Amino acid sequence: MKLASYRNGSRDGALHVVDRSLKRAVPVAEITSLQAALDDWAHAAPILQAMSQRLNEGPLDGTIAFDQDACLSPLPRAYQWVDGSAYVNHVVLVRKARGAELPASFWTDPLMYQGGSDRFLAPREPIPVGDPAWGCDFEAEVAVVTDDVPLGMSSDAAAAHIRLVMLVNDVSLRGLIPAELAKGFGFLQSKPASAFSPVAVTPDELGAQWDGRCLSGALRSHLNGALFGCPDAGTDMTFDFPTLIAHAAKTRALGTGSIIGSGTVSNRDQDGGPGKLVSEGGRGYSCIAELRMVETIATGQAVTPFLGKGDRVRIEMLDENGASIFGMIDQVVA
């Protein structure tokens, strides 16, 4: 099933079931929010599944045309948002661009940071940037939502705790990152509010694109109307989602509604290189920083600017029939 949270004046929005084609939606009167559904999943899931099945067969009473502009992020706020760096190719490029070697442990021990989760941007909400010097960048990623994950959960067991899958634009302020990391205390100001896809999807809805551990398919990013990247989310994922969940739960339990991000989706070239532009026959990139890294490696200088006022970012994934799975994140820099 596919689920969305409509604006209704509340912090958590109104839960709606959306059909597979993303054309129709129906409000769920008896469940107040997506978080409420997750908190009582054993009761809520059969109700939502039945509504989804009937909606996919035809309109129900109260059915409306699905409006992505009316959506908040599926969880407009969450108890926890942690983001990994599952695609080590991305980390390789970051370090290579500054002449640093990649520690061997990065291939066996995931990187992860804890982001702000008290308010996420809506999928069509402008990205607020106070100063162009902050170096605003988008990061196209996949994320999962869990139920309660016990302390010390193994990666094999963690797979059963994934309830929903969605896309994310993990906004980063590149100009602020170096000084923050130099303090040795991690991200804060350099990681503002992220935005998630209009729709969150249960794993059973994803068919062959979901293998229980990762999502396959081209994650398409457009910048100002031009295709910027289309790497496959199921390729070069060093740490799958159950591994990321187990990493986060090593020393603490995770509460229902925790969101775990994949980090920037990044593919190597077939020859093992850092990746080429889409215009050169490559899969492109899921953030501007990667392109700037490739430019630096190739010429000694990055030339592509970060996002500026009025720049538009779109992030989407299509199914095997070319239909949008999660709806589109479509944001303009304010």
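Residues numbered from 1 in each chain as written. Predicted model: local features only at pLDDT ≥ 70, side-chain atom pairs only at ≥ 80, totals over all residues. Heavy atoms only, no water.

Novice: Break down the overall build of the protein for me, citing the residues and quoting the values.
Specialist: A count of helical and extended segments in the protein gives seven helices and 18 strands. Taken along the three principal axes of its C-alpha coordinates, the protein extends 60 × 45 × 40 Å. Burial statistics for the protein: of 334 residues in total, 54% are counted as buried. In the protein, of all internal contacts separated by at least 6 residues, the share reaching a separation of at least 24 is 72%. Put simply, the protein shows about 14200 Å² of open surface, and 52% of that area lies on carbon and sulfur atoms. Put simply, the protein has 28 plus and 39 minus side-chain charges, and the middle of one group is 4 Å from the middle of the other. (Helix = DSSP H or I, 4+ residues; strand = E, 2+ residues; numbered from the N terminus. Buried < 20%, exposed > 50% of the residue type's maximum accessible area, 1.4 Å probe, protein only. Contact = heavy atoms within 4.5 Å. Areas by Shrake-Rupley, 256 points an atom, 1.4 Å probe, with all protein chains shown as cover. Lys, Arg positive; Asp, Glu negative; His and termini not counted. Charge placed at Lys NZ, Arg CZ, Asp CG, Glu CD.)

Novice: Explain the pattern of salt bridges to me, and be specific about the residues and the numbers.
Specialist: Any two side chains of opposite charge can pair, on the condition that their charged atoms come close. Under the defined criterion, the tally for this structure stands at 16 salt bridges. Between R24 and D19 there is a salt bridge whose closest N-O contact spans 3.9 Å. A relative accessible area of 23% means that R24 is categorised as partly exposed. Overall, D19 belongs to the buried group, its relative accessible area being 3%. Its salt-bridge partner being D156, residue R213 comes within 3.7 Å of it at the nearest N-O pair. Here R213, found in the loop between β13 (200–201) and β14 (219–223), pairs with D156, found in helix α4 (residues 155–158); they are 57 residues apart in sequence, far enough to count as distant. Looking at R213, the relative accessible area reads 24%, which means it is partly exposed. (Salt bridge = Lys/Arg side-chain N within 4 Å of Asp/Glu carboxyl O.)

Novice: Before we move on, could you go through the nonpolar core and cite the residues and values that matter?
Specialist: Among soluble globular proteins, nonpolar side chains are generally buried collectively. Ranked by internal contacts, the top residues of the largest apolar core, which has 63 residues, are F66 and F326. Contributions of two or more residues to this core are made by β1 (2–6), α3 (88–97), β9 (140–146), β10 (162–169), β14, α6 (241–248), α7 (288–299) and β17 (312–317). Considering every element that reaches this core, the biggest residue donor is α7, with five residues. Excluding residues within four positions of it along the chain, F326 makes contact with L22, V165, M166, L167, S197, P198, V199, V201, L206, L215 and M317. Counting 29 residues, the second-largest nonpolar core is a separate cluster that includes A37, L38, A45 and W81. (Core = buried A, V, L, I, M, F, W, Y, C linked by side-chain atoms within 4.5 Å.)

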